[in-house]
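Listed below, chain by chain, are the residues.
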Amino acid sequence: MLIRMTSEPEQQIGVGTPDAFQRLWTPHRMAYIQGENKPTGPEAGDGCPFCEIPSKSDEDGLVVARGEQVYAVLNLYPYNGGHLMVVPYRHVADYTELDGPETLELADFTKRAMTALRAASGAHGFNIGMNQGAVAGAGIAAHLHQHLVPRWGGDTNFMPVVGHTKVLPQLLADTRKMLADVWPAA
């Protein structure tokens, strides 16, 4: 919800007083900030969401596609609409721990994710990468996951640059279905 408030320059500011700032209220992000659904430890049985997602339906887990070694899933807290992650089923933390078939399918799913995102949303480019370890910014460091963030010309406007806020125009369930419908076959 976008709330626009304005005020007179000399007006005293208090709680609930209009102050000329525009605010986007995103209370759903409080779960992320407070660490909900984060693992309690480094092992697969410690509440790792990437270990739990494969047991859910595609719709409930936001799974776009499943392979033999990896799966593609929407990020619950996306940087941009269509932000996907490619995740190995096996609970490993480091890229060097992947075996040959996992590495190959992760690469293949990355290519197919790019194809699907271009077909579904006309993405102009991508940010693709992994944060290896908590010090490198991995929110869930114990289970490797590769991010694919679609980008469009002009998608960085005043909202993220000045307001440190991202506006996502589509519900995650709708994005998941749209991408699953165009996911390329192996």
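Thresholds applied
Residues numbered from 1 in each chain as written. Predicted model: local features only at pLDDT ≥ 70, side-chain atom pairs only at ≥ 80, totals over all residues. Heavy atoms only, no water. Helix = DSSP H or I, 4+ residues; strand = E, 2+ residues; numbered from the N terminus. Buried < 20%, exposed > 50% of the residue type's maximum accessible area, 1.4 Å probe, protein only. Contact = heavy atoms within 4.5 Å. Areas by Shrake-Rupley, 256 points an atom, 1.4 Å probe, with all protein chains shown as cover. Axes fitted to C-alpha atoms, helices over the stretch in contact; angles between N-to-C directions. Parallel < 35°, antiparallel > 145°, perpendicular 65-115°, else oblique. Left-handed = near helix turned anticlockwise from the far one by under 90°. Nonpolar A, V, L, I, M, F, W, Y, C, P; charged D, E, K, R; others polar. Arc of directions from axis to C-beta. Phe/Tyr/Trp six-rings, centres within 6.5 Å; stacked < 30°, edge-to-face > 60°. Pairing = 2+ DSSP bridges.

**Q** Summarise the overall build of the chain; cite the residues concerned and give the values.
**A** Of regular secondary structure, the chain possesses six helices and seven strands. Listed N to C, the secondary structure of the chain is β-β-α-α-α-β-β-β-α-β-β-α-α in terms of helices and strands. When burial is assessed residue by residue, the chain has 32% of its 186 residues classed as buried. Restricting the contact set of the chain to residue pairs at least 6 apart, pairs at least 24 apart contribute 56%. For the chain, the exposed area adds up to about 11000 Å²; of that, 56% sits on carbon and sulfur atoms.

**Q** Can you lay out the packing of helix α4 (residues 100-121) against helix α6 (residues 172-182) for me, pointing to particular residues and giving the numbers?
**A** Interhelical geometry of α4 versus α6 gives an angle of 115° and a closest axis separation of 9 Å. Between α4 and α6, the crossing angle belongs to the class labelled roughly perpendicular. As α4 runs across α6, the sense of the crossing is right-handed. Between α4 and α6, the contacting residues are A116, L117, A119 and A120 on the first element and M178, L179 and V182 on the second. Among the residues making up the contact of α4 with α6, the classes are represented as seven nonpolar, no polar and no charged.

**Q** Talk me through unusual backbone geometry; I want residue IDs and the actual numbers.
**A** Phi is positive for L62, which is not a glycine, with a value near 60°. With respect to the helices and strands, L62 occurs in the loop between α3 (58-61) and β3 (63-66).

**Q** With reference to specific residues and values, describe α6.
**A** Turning to α6, its buried residues are T175, R176 and L179. Considered in projection along α6, the buried side chains sweep an arc of 100° and stay on one side of the axis.

**Q** Hey, could you go over the packing of aromatic side chains for me, with residue numbers and the actual values?
**A** Two aromatic rings are characterised by how far apart their centres lie and by the angle between their planes. Under the definition given, this model contains two aromatic pairs. Aromatic side chains F109 and W183 sit 5.3 Å apart centroid to centroid with 55° between the ring planes, which places their arrangement in the tilted category. In this pair, F109 is assigned in helix α4 and W183 in the segment after α6, connecting sequence segments 74 residues apart. Under the relative-accessibility criterion, F109 is labelled buried at 1%. W183 sits in the buried class, given a relative accessible area of 14%.

**Q** I'd like a rundown of the sheet that holds β3, residues and numbers included.
**A** An order of β3-β4-β5-β7-β6 is seen for the five strands of this open sheet, with the pairing classed as antiparallel. Single-partner strands in this sheet number two, and they are β3 and β6 (125-129). Averaged over all neighbouring strand pairs, the angle between strand axes comes to 20°, with direction disregarded. Where β6 meets strand β7 (residues 146-151), five bridges bridge the pair, whose relative direction is antiparallel. Looking across to β7, one finds that I128 is bridged to L148.

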